[in-house]
Amino acid sequence: MVNNRRLVLWDIDRTLIRSTGFDRHVYVYTITRLAGADQVRLPPGGTGRTETVIVEELLKANGVAPALLPEALKLVEQGLTGDLRKMRAMGRTMPGARAALAATAGLPHTVTTVATGNLRRVAHAKVTAFGLAEYLDLEAGGYAEDGRDKTAVVAGARERAGRRHGTTFSAANTILVGDSLSDVIGGAAGGAKVLATATGTATAAELAAAGAALVVPDLTDTSRIVDAINKLTAL
Ligand SMILES: [Mg+2]
């Protein structure tokens, strides 16, 4: 079968949007609810871990029993989806992200969706809060529910998008745009080329050394992003 489509996967946090303050607020609320702690220790952010792994670390750092993970994930999900106005007020869209996303979504024969460590409902809340949902086929996306790391998330998105659109998405016609080393390493292992944007905690040199097909400083050069996606994904 000849592939006649390409799949463009977008990471969310520190690639399309930044909502660190709101995320932290919800983590503090979650630990306070579960353990009544006065001082909540927060694991470092920005490394592209899935929500499951982040919340496991959060529980461990605050001496909360690992058995409470399902309840903690439920509280995090409720917290992060419960107030989109506050999420928007405490966060922002990354520079150039809206235009770059809109331009790729407008490419012919292209399926555009997310591959994110966020829980599915949280991812939908984030892109909705920042007005980006209209550019994304969210039913085709990959989420924390797909597995513990970005490899599983990207593989999940490829399979889901393939089923939904009746085609096969392989590394020849799939590209992930993301900011973290987890995106670069997990994207490649999950069957995608990776366009890295140095807008997270990893430097451009680190992203390149990890094997990104291209590293850009940010998403502000829309035509460079679109050209790279055209070049890297054969139709
Ligand atoms: Mg990210």
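These numbers were taken from a predicted model, which means no experiment stands behind them.

S.K.: So what's going on with the packing of helix α5 (residues 97-105) against helix α10 (residues 222-232)? Residues and values would help.
M.R.: It is at 9 Å that the axes of α5 and α10 come closest, and there the two elements cross at 35 degrees. Crossing hand, α5 versus α10: right-handed. Residues A99, A100, A103 and T104 of α5 form the contact with α10, whose participating residues are T222, I225, V226 and I229.

S.K.: Summarise the environment of I12; cite the residues concerned and give the values.
M.R.: Note on placement: I12 falls in the loop between β1 (6-10) and β2 (17-18). Once you skip the residues sitting within four places of it in the chain, I12 turns out to touch I17, V114, T116, N118, A123, K126 and V127.

S.K.: So what about helix α7 (residues 150-165)? Which residues, and what values?
M.R.: Counted at 1.5 Å a residue, the expected span for α7 with its 16 residues is 22 Å, and the 22 Å between its end C-alpha atoms agrees. When we look at burial in α7, the residues that qualify are K150, A152, V153, V154, A157, R158 and A161. Those residues of α7 that are buried lie in contact with β1, β4 (110-114), β5 (174-178) and α8 (181-189). Among the residues trailing α7, G166 stands out with phi positive, at a value near 65 degrees.

S.K.: Before we move on, could you go through the pairing of strand β6 (residues 193-197) and cite the residues and values that matter?
M.R.: Counted residue by residue, β6 has five buried out of five residues, so it is predominantly covered. Side-chain alternation along β6 places K193, L195 and T197 on one buried face and V194 and A196 on a second face that is also buried. Bridge count for β5 against β6 is four bridges, and the pairing is parallel. Residue G178 lies in a different strand from β6, and its bridge partner there is A196. For the crossover that starts at β5, traverses α8 and ends in the parallel β6, the hand is right-handed. Summarising the sheet, β6 and strand β7 (residues 214-216) pair through three bridges and their orientation is parallel. Bridged to L195 within β7 is L214. Crossover β6 to β7 through helix α9 (residues 204-209) is right-handed.

The rules we used
Residues numbered from 1 in each chain as written. Predicted model: local features only at pLDDT ≥ 70, side-chain atom pairs only at ≥ 80, totals over all residues. Axes fitted to C-alpha atoms, helices over the stretch in contact; angles between N-to-C directions. Helix = DSSP H or I, 4+ residues; strand = E, 2+ residues; numbered from the N terminus. Left-handed = near helix turned anticlockwise from the far one by under 90°. Contact = placed C-beta atoms within 7 Å. Expected span 1.5 Å × (residues − 1). Buried ≥ 20, exposed ≤ 12 C-beta atoms within 10 Å, placed from the backbone. Pairing = 2+ DSSP bridges. Right-handed = clockwise from strand over helix to strand, strands pointing away.

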